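The primary structure of each chain is shown beneath.
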Amino acid sequence: MNTTPKWFVAAAIGLTTAIALAGCSAATPAANSGSGKTPSGAITVYNAQHEELTQAWADEFTKKTGVTVTLRNGDDPELGNQLVQEGSASPADVFLTENSPAMSLVDNAQLFSPVDAATLAQVPEAYRPSSGRWTGIAARSTVLAYNPSLVSESQLPSSLLDLADASWKGRWAASPSGADFQAIVSAMLALKGEKATSSWLASMKENFTAYKGNSTVMKAVNAGQIPAGVIYHYYWFGDRAGTGENSNNTKLHYFKNQDPGAFVSTSGGGVLKTAKNPVAAQAFLKFITGKAGQDILQTGGSFEYPVASDVAADKALLPLVDLNAPVLDPSKLDSRKVTDLMTQAGLL
Ligand SMILES: [Fe+2]
């Protein structure tokens, strides 16, 4: 590619503006939700984010407000589909995800209430849909974990698309049943279109080995069972910060260059239209995207990226801006189409 597409320039300008705006607005946090009412009582959160992270957010929020938070834990598609099925009968006040496609699923069913303006003002435009019906709460980067004894630095692919080459046959792994990997495919679909994506998926089927879960992929790479695996960055950093036993023999490769493999996935949060306690639900979302909530991302050992209130990432991480991620509208990622294409390719 020898020219920068116009949409990218436009999006990049939008991003700069958004960062500038967020810089201003983050200086005026309010104590209560946008409704001006003090939160009280209890809320139920359908939580598809990592349980430990959301529990840390919930504990801190309860300490500050006295609001009791009950978590119902599951994964993105499971809880997203459950919300769609339950419709107005759902007991959920808030939905939190790991990746944005599940937010779109619920949003397309028109189940979200608009997020309070004061909350949206804390989050740069690049990390939330323009509809304002949900917001980004955290972000995670796609990486290739590799075993340097099985693949040299010079052999590393410059694009995620290169893993379709015959030279990678039997040499890479992923967890195709997980929402994390499916979000990466949704980014490829948005960036490269349906034809290129289905042909890549067909080659993936030929070349890759399936494992269940990103940690299992990383363990297999570490054990030398397979040279490389596509995962999200925080599994690796989490292991490095602990015993390191599942990552000692691995390194991370970042694709950068706005490659589909440099996809940064936006984790989402939204308040259900049918929330029994909308005041506390909105306040919880405001807390998560506020400084105290984002600080938990910086220091709490989840190693996910803060996206709001000008909070920087944990020092161990490559700064978000250095990832050179492709610019995508998180609300445009299509999980249904992705599962169709992956099913057609025999991956699901
Ligand atoms: Fe995850």
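Residues numbered from 1 in each chain as written. Predicted model: local features only at pLDDT ≥ 70, side-chain atom pairs only at ≥ 80, totals over all residues. Heavy atoms only, no water.

Q: What is the right way to read the pairing of strand 5 (residues 135-146) from this model?
A: Where a strand is regular, its side chains alternate between the two sheet faces. Of all the 12 residues making up strand 5, 12 are buried; the element is thus mostly covered by neighbouring parts of the structure. Relative to strand 10 (residues 264-272), strand 5 runs antiparallel, the two sharing 6 bridges. Its bridge partner lying in strand 10, alanine 139 is registered against threonine 266. As judged from the 5 bridges shared by strand 5 and strand 8 (residues 228-232), these two strands associate in the antiparallel manner. Across the sheet, residue leucine 144 finds its bridge partner in strand 8, namely valine 230. Sheet analysis places strand 5 next to strand 9 (residues 251-253), joined by 3 bridges and oriented antiparallel. Pairing of tyrosine 146 across the sheet is with lysine 251, part of strand 9. (Buried < 20%, exposed > 50% of the residue type's maximum accessible area, 1.4 Å probe, protein only. Helix = DSSP H or I, 4+ residues; strand = E, 2+ residues; numbered from the N terminus. Pairing = 2+ DSSP bridges.)

Q: What is the right way to look at the nonpolar core in this model?
A: Soluble, globular proteins show a tendency: their nonpolar side chains are buried together. Counting 61 residues, the largest nonpolar core has Trp172, Phe181, Trp200, Leu201 and Met204 as its most contacted members. With 10 residues, the single largest contributor to this core is helix 6 (residues 179-207). Residue contributions to this core reach at least three from each of two domains, namely domain 1 (11-139 + 265-331) and domain 2 (141-263 + 339-344). Residues within four places of tryptophan 172 in sequence aside, it is in contact with Leu163, Trp200, Met204, Asn207, Phe208, Thr209, Ile226, Ala228 and Val230. Listed in part, the 26 residues of the second largest apolar core include Ile137, Ala275, Ala280 and Ala281. (Core = buried A, V, L, I, M, F, W, Y, C linked by side-chain atoms within 4.5 Å. Domains from an automatic or database assignment. Contact = heavy atoms within 4.5 Å.)

Q: Looking at this structure, how should I read the pairing of strand 10?
A: Within strand 10, 9 of the 9 residues are buried, which leaves it mostly tucked inside the rest of the structure. Residues Val264, Thr266, Gly268, Gly270 and Leu272 line one face of strand 10 and the alternating positions Ser265, Ser267, Gly269 and Val271 line the opposite face, and both faces are buried. As judged from the 3 bridges shared by strand 3 (residues 94-96) and strand 10, these two strands associate in the antiparallel manner. Bridge pairing in strand 10 links phenylalanine 95 to glycine 270.

Q: Honestly, the confidence of the model for the protein chain in this entry has me stumped. Any pointers?
A: A low pLDDT score tells you not to read the predicted coordinates there in detail. In the predicted model, the protein chain carries a mean pLDDT of 91, and the fraction of residues at 70 or more is 90%. A low-confidence stretch, residues 1-32 (pLDDT under 50), is modelled with 29 contacts involving residues beyond four sequence positions or located in other chains. (pLDDT = per-residue confidence, 0-100.)

Q: Please explain the environment of glutamate 245 as it appears in this structure.
A: Take glutamate 245: it is sitting in the loop between helix 8 (233-241) and strand 9. As a C-alpha pair, glutamate 245 and lysine 219 span 26 residues in sequence and 8.7 Å in three-dimensional space. Sequence-distant contacts of glutamate 245, defined by excluding residues within four places in its chain, comprise Asn222 and Asp239.

Q: Quick question: what am I supposed to make of the coordination of the iron ion here?
A: Each pair of donors in an ideal octahedron of six around a metal sits at 90 or 180 degrees, and each pair in an ideal tetrahedron of four sits at 109.5 degrees. With distances of 2.0 to 2.7 Å, the protein atoms coordinating the iron ion are His50 (NE2), Glu98 (OE), Asp180 (OD), Tyr234 (OH) and Tyr235 (OH). Between consecutive donors of the iron ion, the numbers of intervening residues give the motif H-x47-E-x81-D-x53-Y-Y. Here glutamate 98 is found in the loop between strand 3 and helix 4 (100-108), whereas its partner tyrosine 234 is found in helix 8, with 136 residues between them in sequence. Judged by relative accessible area, which is 3%, tyrosine 234 ranks as buried. (Donors = N, O, S within 2.8 Å, 3.2 Å for Na, K, Ca; no water.)

Q: What am I meant to see in unusual backbone geometry here?
A: Residues other than glycine predominantly adopt negative phi, and peptide bonds predominantly adopt the trans conformation. We note that lysine 256 has phi near 50 degrees; this positive angle belongs to a residue other than glycine. Inspection of the secondary structure assignment puts lysine 256 in the loop between strand 9 and strand 10. What makes lysine 256 partly exposed here is its relative accessible area of 32%. With a phi close to 50 degrees, asparagine 257 is a non-glycine residue in the positive phi region. For asparagine 257, the location among the structural elements is in the loop between strand 9 and strand 10.

Q: What exactly am I supposed to notice about the packing of aromatic side chains here?
A: For any two aromatic rings, the description comes down to two numbers: the centre-to-centre distance and the angle of the planes. Going through the model one piece at a time under the given rule, you end up with 8 aromatic pairs. When the ring of tryptophan 172 is compared with that of phenylalanine 208, the centres are 5.7 Å apart and the planes differ by 45 degrees; the resulting orientation is tilted. Within this pair, whereas tryptophan 172 is found in strand 6 (residues 172-174), its partner phenylalanine 208 is found in strand 7 (residues 208-210), the two being separated by 36 residues in sequence. Considered together, tryptophan 172 and phenylalanine 208 belong to a single accessibility category, that of buried residues. Of the aromatic side chains, those joined through ring pairs into one cluster are Phe61, Phe284 and Phe287. Sitting over the face of the ring of tryptophan 168, arginine 171 holds its NZ or CZ atom 5.7 Å from the ring centroid. (Phe/Tyr/Trp six-rings, centres within 6.5 Å; stacked < 30°, edge-to-face > 60°. Lys NZ or Arg CZ within 6 Å of the ring centre and 35° of its normal.)

Q: Explain the packing of helix 7 (residues 214-222) against helix 8 here, please?
A: For the pair helix 7 and helix 8, interaxial distance at closest approach is 9 Å and the crossing angle is 65 degrees. Taken as a pair, helix 7 and helix 8 cross one another with a handedness that is right-handed. Together, Asn214, Ser215 and Met218 of helix 7 and Tyr235, Trp236 and Asp239 of helix 8 make up the contact between the two elements. (Axes fitted to C-alpha atoms, helices over the stretch in contact; angles between N-to-C directions. Left-handed = near helix turned anticlockwise from the far one by under 90°.)

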